[in-house]
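Descriptive structure summary
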Amino acid sequence: MLREFSAGGVVVRRLRGRFVLAAIRPGGKPTGVWALPKGLVGPGEKPEETALREVAEETGIEARSLGKLGDVRYVYSRGGERIFKVVSFYLLRYRRGRLGDLPPALAFEVAEARWLPLDEAPRLLAYKGERDMAERALARVSAGAYDPGSAAAL
């Protein structure tokens, strides 16, 4: 069985007094199908670097890693071949940029980008593994598991 490794991010920030996360509607998916930004780990790239790169490419924003949230594992088929996939997710803090301001060469990958309320994300995201990562992010934010002074900066 082939193996594939990807990484993605749960980008969190405080907006109008409420924690939100950056979600995307991948190109070709119907309205209301929300996912987390993610992509294949490039040659020589560390998963955490991939997560930051994919977030920038798919949302238009820059973020800083606050550490790994966990892995999602599943098997899927492509061209009749079964593939075991591992996606490593990282909790990321928004730094700068405008959500949805995508480079033209990459805009085809994402139909829409939106801030979703963090406390609602576990039910709004389309995929179970990603809903689990949103729950982990919510638990970390609720527990204040940030370096001193950083929670206020979200």
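Provided above is the structure to which this section pertains.
The text that follows walks through the structure, step by step, so that each part is easy to find. Predicted model, so just to flag it, every value in this text is computed and none were measured. (Residues numbered from 1 in each chain as written. Predicted model: local features only at pLDDT ≥ 70, side-chain atom pairs only at ≥ 80, totals over all residues. Heavy atoms only, no water.)

Moving on, we get to unusual backbone geometry. The phi dihedral of Arg16 falls on the positive side, at around 50°, and the residue is not glycine. Topologically, Arg16 is positioned in the loop between strand 1 (2-15) and strand 2 (18-26). In this structure Arg16 comes out as exposed when scored by relative accessible area, which is 81%. (Helix = DSSP H or I, 4+ residues; strand = E, 2+ residues; numbered from the N terminus. Buried < 20%, exposed > 50% of the residue type's maximum accessible area, 1.4 Å probe, protein only.)

Attention now goes to the side chain of Thr50. Structurally, Thr50 is set in helix 1 (residues 47-59). Those residues in contact with Thr50, other than ones at most four positions away along the chain, are Ala7, Gly39, Leu40, Val41, Gly42 and Glu45. (Contact = heavy atoms within 4.5 Å.)

A regular strand places its side chains so that they alternate between the two faces of the sheet. With 11 bridges connecting them, strand 1 and strand 5 (residues 81-97) associate as parallel partners. By the bridge assignment for strand 5, Glu4 is matched with Lys85. As judged from the three bridges shared by strand 1 and strand 3 (residues 38-40), these two strands associate in the antiparallel manner. Residue pairing for strand 3: Ala7 is matched across the bridge by Gly39. Note that strand 1 and strand 2 share four bridges and pair antiparallel. Counted as the bridge partner of Leu15 is Arg18 from strand 2. (Pairing = 2+ DSSP bridges.)

Distances and angles like these do not, on their own, reveal function.
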